[in-house]
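Structural overview
What follows is the residue order along each chain.
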Amino acid sequence: MCGIIGIVGREPCVPLLVDGLKRLEYRGYDSAGVATVENGLIRRRRAEGRISRLEAKLRDRPIGGTIGIGHTRWATHGIPNEINAHPHITDRVALVHNGIIENFQELKDELLAGGRRFDSDTDTEVVAALLTDHMERGMPLRDAVRATLDRLHGAFALAIVFAGEEELMIGARRGSPLAVGYGDGEMFLGSDALALAPLTRRIGYLEEGDWVVIDRKGATVYDAAGGTVERRIVETAASGAPIGKAGYRHFMLKEIYEQPTAIGDTLQSFFNPAGQTVNLPDLPFDLAAVPRITVAACGTAYYAGLVAKYWLERIARIPVEIDLASELRYREAPMPEGGMMLVVSQSGETADTLAALRYARAQGQHVVSVVNVPESSIARESDVVLPTKAGPEIGVASTKAFTTQLTTLACLAISAAVARGAIDHAREAALSRSIAEVPSRAAEVLAHDDAIRDIAETVAAARDVLYLGRGTAYPIALEGALKLKEISYIHAEGYASGEMKHGPIALIDDSVPVIVVAPSDALFDKTASNTEEVIARGGKVIFLSDRPGIERLGGKATATVELPLVDSFVAPILYALPVQLLAYHAAVIRGTDVDRPRNLAKSVTVE
Ligand code: G6P
């Protein structure tokens, strides 16, 4: 969602704010702005669109100051234009906000009735107005902030500076993440450690309901009840090095190509080559005694969870329920005593996923998370974290996070199967070997890039595209369709191939490419029959399979991509790659903004 950065520094802060915003741009990119306090007065520049537009504005009309806040926006209330861009200011305060103020209309009506005027359509401006109102009534600054926070409903993170105060910034966290950076004679606020990493490695995370007063020397953190509290300062693992494209045209392509390494790095935490076994970190509960696992996640991470359901049920014989986090959190689902909640999230900050985690905790579940950001809220609130080692993922469409999630989840499935006595040592060794082969097999798949680019011409020309798969190939079909929608804006649907005859078959004609994800596994014959049904109706089949599969059916397909023949256990990890590449090339052909597709954000910290 929106990205926040704040600096209470010693040198002009605008260049550092802009640099921080660039590192936060993945959180939202429809507009951006900065505000500083210079000679006691609030100064501000904002621009619609990318950070580069803001930079150009700042070049034309620079502002100074050693204290300032910056924001990159993903619109919730009010269209993305300059007037709605943050920071929002009055003559007394400037503030930036991530999240949603749910009662903003009620507050706005009250303030309007009191004669206050508003420029924007945002919920955020109401916070600035309310705070100013309290200050104008003579409330001391900290009391005014406290009184303002007390009136807000919803989820938010805020960073606030004040006219006349060149060494004082206040931050607040309720629902949306906010980190405090500790420098040497300077202090920082940021949405995440990634933004702060070039400025400082020493980070403290605010907890739910905390607010913080910072000056150049340090921070005083208050909890929701108003008492001072200590929050641990950690050395962040996030790198401060600039994240570049390393010669690739887009971050997404670079990240697709990083998968063999990222999967290998992830496996290193779990795979023991000597014993051909997979070892998880010690769990504070007995996996063998877990009556049921509930999986919750959003977007691409949800599809990783769906693959895990198939694995955990088939191999480890554990009943698994899975739901979208946004549904699970309000469904009031009963959960069995001693059950396990498994959350999957790249960012570890997705608001719905975090809420689902908290719901499960309240139901007494053990919480295990698969996350890519080890200091994230979800990681911090889990009993056990199984890390993915994808490294920073900048492209909004998730690629290497997905395949590393699958890798970690595959290791969890093997460990659970061993713990429950569901497989013998020979099977454990075979499964472990198959997962250990994935990095080199993934590199083989990437060698088909040119052929996939050619096939993407057909996809890019289509209005609708269908993806089909069965078993663990079904979530890959769903993920393929999601990737295509996200970055090329072509309508696509993923379907379980057996379900096609109950509806989507009506869509088939020679203008609809049908991408069939078909490793030769136990279900291949079924998928093959469904593919014949598509061909019989004139559909253009793009067939993703291995040598035996292609020998069987490839001749009838419009195009084929031959993937390595592997144990069907790991096939979903490898088959994710061609669907990513297909979406990528289709988007490039259509000329969309691949790394920053319209309307999306990488980390969704609002409901
Ligand atoms: C956003 C991103 C998706 C991602 C989803 C879940 O919608 O654009 O790529 O899959 O959030 O994010 P998470 O960080 O929880 O994996």
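Residues numbered from 1 in each chain as written. Predicted model: local features only at pLDDT ≥ 70, side-chain atom pairs only at ≥ 80, totals over all residues. Heavy atoms only, no water.

Quick word on the site of the ligand
Just so we agree on the cut-off: By convention in this text, a residue qualifies as near a molecule or strand provided that one of its non-hydrogen atoms is within 4 Å of it. Identification of polar contacts relies on pairs of N or O atoms within 3.5 Å, with a donor-acceptor requirement for protein atoms, meaning one able to donate a hydrogen and the other able to accept it, and with residues adjacent in sequence counted only if both atoms are side-chain atoms. For accessible areas, the Shrake-Rupley method is used with a probe of radius 1.4 Å. Any residue's cover is judged against the shown protein chains and nothing else. Put simply, DSSP marks the helices as runs of H or I at least four residues long and the strands as runs of E at least two long, and each gets a number from the N terminus on. Residue classes follow a fixed rule: Ala, Val, Leu, Ile, Met, Phe, Trp, Tyr, Cys and Pro count as nonpolar, while Asp, Glu, Lys and Arg count as charged, and any other residue, Gly among them, counts as polar.
In the vicinity of the ligand, 14 residues are found, and the nearest of them are S345, Q346, S347, T350 and A601. Contact distances for the ligand include 3.0 Å between an oxygen atom and a backbone N or O atom of T300. In this structure, S345 approaches the ligand through a side-chain N or O atom, which is 2.6 Å from an oxygen atom. The fraction of the free accessible surface of the ligand (390 Å²) that becomes covered by protein chains is 90%. A per-element tally of the shell around the ligand places helix α9 (residues 299-316) first, with three residues. In the shell around the ligand, the residues fall into five nonpolar, seven polar and two charged.

So, the environment of L287
Put simply, the rule is: In this description, contact between two residues means that some pair of their heavy atoms is separated by no more than 4.5 Å.
Mapped onto the elements, L287 comes out in the loop between β17 (277-278) and β18 (293-297). Between the alpha carbons of L287 and M340 there is a distance of 8.6 Å; along the sequence they are 53 residues apart. Sequence-distant contacts of L287, that is, excluding residues within four places in its chain, are made with M340, L412, S415, A416, A419 and R420.

Thoughts on the pattern of salt bridges
Rules: Take a side-chain nitrogen of Lys or Arg and a carboxyl oxygen of Asp or Glu: if they are within 4 Å of each other, that pair is a salt bridge. Partly exposed residues are those whose accessible area sits between 20% and 50% of the maximum for their type, while under 20% is buried and over 50% is exposed, using a 1.4 Å probe and protein chains only.
Summed over the entire model, instances satisfying the criterion amount to 32 salt bridges. When the shortest N-O distance is used, the salt bridge between K57 and E82 registers 2.5 Å. Within this pair, whereas K57 is found in helix α2 (residues 51-60), its partner E82 is found in the loop between β4 (67-73) and β5 (88-89), the two being separated by 25 residues in sequence. Overall, the relative accessible area of 27% leaves K57 in the partly exposed class. With a relative accessible area of 33%, E82 lands in the partly exposed category. Close ionic contact of R361 with D383 constitutes a salt bridge, the shortest N to O distance being 3.2 Å. In this pair, R361 is assigned in helix α11 (residues 351-362) and D383 in the loop between α12 (377-380) and β22 (384-387), connecting sequence segments 22 residues apart. Take R361: its relative accessible area is 35%, and that puts it in the partly exposed class.

Overview of empty space enclosed by the protein
Using a probe with the size of a water molecule, rolled over the atoms, empty space left in the structure can be pinpointed. The test is simple: Of the two site types, the cavity is a set of points on a 1 Å grid over the protein atoms alone where a 1.4 Å probe fits but cannot get out, and the pocket is an open set with protein on both sides within 12 Å along at least five of seven lines, each lined by residues with an atom within 4 Å of a point. Grid points are joined across faces, edges and corners, and a volume is the space filled by probe spheres set on the points.
Counting across every chain of the model gives two cavities of 30 Å³ or more. In terms of lining, the largest cavity is formed by C2, R73, W74, A75, T76, H77, H86, H97, G99, T122, D123 and T124. Here the residues of the lining of the largest cavity are counted per class, giving three nonpolar, seven polar and two charged. Size it by volume and the second largest cavity reaches roughly 30 Å³. Lining the second largest cavity, in full, are R470, A473, V517, A518, P519, D521, L523 and T527. When its residues are assigned to classes, the lining of the second largest cavity shows five nonpolar, one polar and two charged.

Some points on the packing of helix α17 (residues 473-488) against helix α20 (residues 571-590)
The criterion, for reference: In this analysis an axis means a line fitted to C-alpha atoms, helices contributing only their contacting stretch, and an angle means the value between N-to-C directions, from 0 to 180 degrees. Here the angle decides the label: under 35 degrees means roughly parallel, over 145 means roughly antiparallel, 65 to 115 means roughly perpendicular, and every other value means oblique. Rotating anticlockwise by less than a right angle from the far helix to the near helix defines a left-handed crossing, while the corresponding clockwise rotation defines a right-handed one.
Closest axis-to-axis distance for the α17/α20 pair is 9 Å, and the angle between their directions is 20°. As summarised for this structure, α17 and α20 are arranged roughly parallel, according to the angle between their axes. Classified by chirality, the crossing of α20 by α17 is right-handed. For the pair α17 and α20, contact is made by I476, G480, K483, L484, I487 and S488 and by P572, Y575, A576, V579, A583, Y584, A586, A587 and R590, respectively.

Here's the deal with the sheet that holds strand β13 (residues 219-222)
The cut-off we apply is this: Any two strands between which DSSP finds at least two bridges are classified as paired.
Spatial ordering of the open sheet is given by β5-β6-β7-β8-β12-β13-β14, a layout of seven strands whose pairing is antiparallel. Taken across any chain shown, the strands that pair with only one partner, and hence form the sheet edges, are β5 and β14 (228-229). Sheet strands in contact with helix α4 (residues 124-136) are β5, β6 (93-101) and β7 (154-162), and its direction is about 130° off that of β6.

Re the sheet that holds strand β25 (residues 513-517)
Read from one edge to the other, the open sheet built from five strands follows the order β24-β23-β25-β26-β27, with strand pairing classed as parallel. Two strands lie at the open edges of the sheet, namely β24 (491-496) and β27 (559-562), each paired on one side alone. Sheet twist, expressed as the average angle between the axes of neighbouring strands with direction ignored, equals 15°. Here strand β26 (residues 540-545) runs beside β27; their pairing, made up of four bridges, is parallel.

What to know about the nonpolar core
Definition in use: Residue types Ala, Val, Leu, Ile, Met, Phe, Trp, Tyr and Cys, when buried and joined through side-chain atoms within 4.5 Å, form a set referred to as a nonpolar core. Where each domain starts and ends follows an automatic or database-derived domain assignment.
Counting 96 residues, the largest nonpolar core has W311, L312 and L342 as its most contacted members. With 13 residues, the top contributor of residues to this core is α20. Each of domain 2 (256-435) and domain 3 (443-590) gives at least three residues to this core. What L342 contacts, discounting residues up to four positions off in sequence, is I293, T294, V295, A296, L312, V368, V370, L409 and L412. Listed in part, the 29 residues of the second largest apolar core include F104, I160, A172 and V213.

Looking at unusual backbone geometry
Following H86, the chain continues into P87 via a peptide bond in cis, with omega recorded as -5°. Examined against the element boundaries, P87 turns out to sit in the loop between β4 and β5. For A246, which is not glycine, the phi dihedral falls at a positive 50°. Within the fold, A246 resides in the loop between β15 (233-235) and α7 (251-257). Positive phi values are uncommon outside glycine, yet Y489 reaches one of about 65°.

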